[in-house]
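# Inside the fold
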Amino acid sequence: MTKNIRLALTAILSIAFLYYGLRKLFADPRDVLLYDALGFGQWIRYVTGSVETIGALALWPRVTGPWAALVLTGTMVTGLSAITTVTALPFVHLIVLLIAALVLSALHWVPRLR
């Protein structure tokens, strides 16, 4: 049962992070405007897009999966903090991705801690 949940979350998060990461890397106008509004410049969009894309692919191998889930959780916390403090954009999808990444992290790490 836990293995099925972990597999489903890995698939869903991989698709979501690939979508959002590649969207940032290929300069979707919505993302360009968002990073302009955040005021950090466009370089951070490339960093975030790279982390999301690499993290989405790194979720699958057994060795990197637990670490990728933690990195993506940190990425979501940072993104959620930036969007909620600087802009008035909707952020429900970020909360859903954050919770999913946290659950996947827990499914990877809790059995290892026992």
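What this report covers is the structure whose coordinates are included nearby.

### So, the pattern of salt bridges
Pairing between side chains becomes possible if they bear opposite charge and their charged atoms approach one another. By the definition in use, this model includes three salt bridges. Put simply, Arg-23 and Asp-31 hold a salt bridge, and the shortest N to O gap is 2.9 Å. Overall, the relative accessible area of 17% leaves Arg-23 in the buried class. Asp-31 sits in the buried class, given a relative accessible area of 2%. Put simply, Glu-52 and Lys-24 hold a salt bridge, and the shortest N to O gap is 3.1 Å. Residue Glu-52 is found in helix α3 (residues 43-58), and its partner Lys-24 is found in helix α1 (residues 2-25); the two are separated by 28 residues along the sequence. For the pair shown, Glu-52 and Lys-24 are each scored as buried.

### Section: the environment of Val-47
Looking at where Val-47 falls in the secondary structure, it is placed in helix α3. Among the residues examined, Val-47 registers a relative accessible area of 38% and is labelled partly exposed. Distance from Val-47 to Trp-109, taken between C-alpha atoms, is 26 Å for residues 62 residues apart in sequence.

### Notes on the nonpolar core
Leu-13, Phe-17, Leu-59, Met-76 and Leu-104 are the most contacted members of the largest nonpolar core, which totals 25 residues. Secondary-structure elements contributing two or more residues to this core are α1, α2 (29-38), α3, α4 (65-86) and α5 (92-113).

### Overview of α1
Here α1 contains 24 residues, and its C-alpha end-to-end distance of 33 Å stays within 8% of the 34 Å for a straight helix at 1.5 Å per residue. In the stretch just after α1, Ala-27 is the one whose phi turns positive, near 60°.

### Here's the deal with unusual backbone geometry
Phi is positive for Ala-27, which is not a glycine, with a value near 60°. Summarising the element assignment, Ala-27 is placed in the loop between α1 and α2.

### Details of the packing of aromatic side chains
This structure, assessed with the given rule, holds two aromatic pairs. Here Tyr-19 and Tyr-20 contribute two aromatic rings whose centre-to-centre distance is 5.0 Å and whose plane-to-plane angle is 70°, an arrangement assigned as edge-to-face. On the accessibility criterion, Tyr-19 (44% relative accessible area) is partly exposed. On the basis of relative accessibility, which here comes to 21%, the residue Tyr-20 falls in the partly exposed class. Seen from their ring centres, Trp-67 and Trp-109 are 4.9 Å apart, and the 80° between their planes marks the pair as edge-to-face. On the criterion of sequence distance, the pair formed by Trp-67 in helix α4 and Trp-109 in helix α5 is long-range, its members being 42 residues apart. Since its relative accessible area comes to 53%, Trp-67 is described here as exposed. The ring of Tyr-46 has Arg-45 lying over it, and the distance from NZ or CZ to the ring centre is 4.4 Å.

Cut-offs applied
- Residues numbered from 1 in each chain as written.
- Predicted model: local features only at pLDDT ≥ 70, side-chain atom pairs only at ≥ 80, totals over all residues.
- Heavy atoms only, no water.
- Salt bridge = Lys/Arg side-chain N within 4 Å of Asp/Glu carboxyl O.
- Buried < 20%, exposed > 50% of the residue type's maximum accessible area, 1.4 Å probe, protein only.
- Helix = DSSP H or I, 4+ residues; strand = E, 2+ residues; numbered from the N terminus.
- Core = buried A, V, L, I, M, F, W, Y, C linked by side-chain atoms within 4.5 Å.
- Expected span 1.5 Å × (residues − 1).
- Phe/Tyr/Trp six-rings, centres within 6.5 Å; stacked < 30°, edge-to-face > 60°.
- Lys NZ or Arg CZ within 6 Å of the ring centre and 35° of its normal.

Don't take any of this as a statement about function, it's just geometry.
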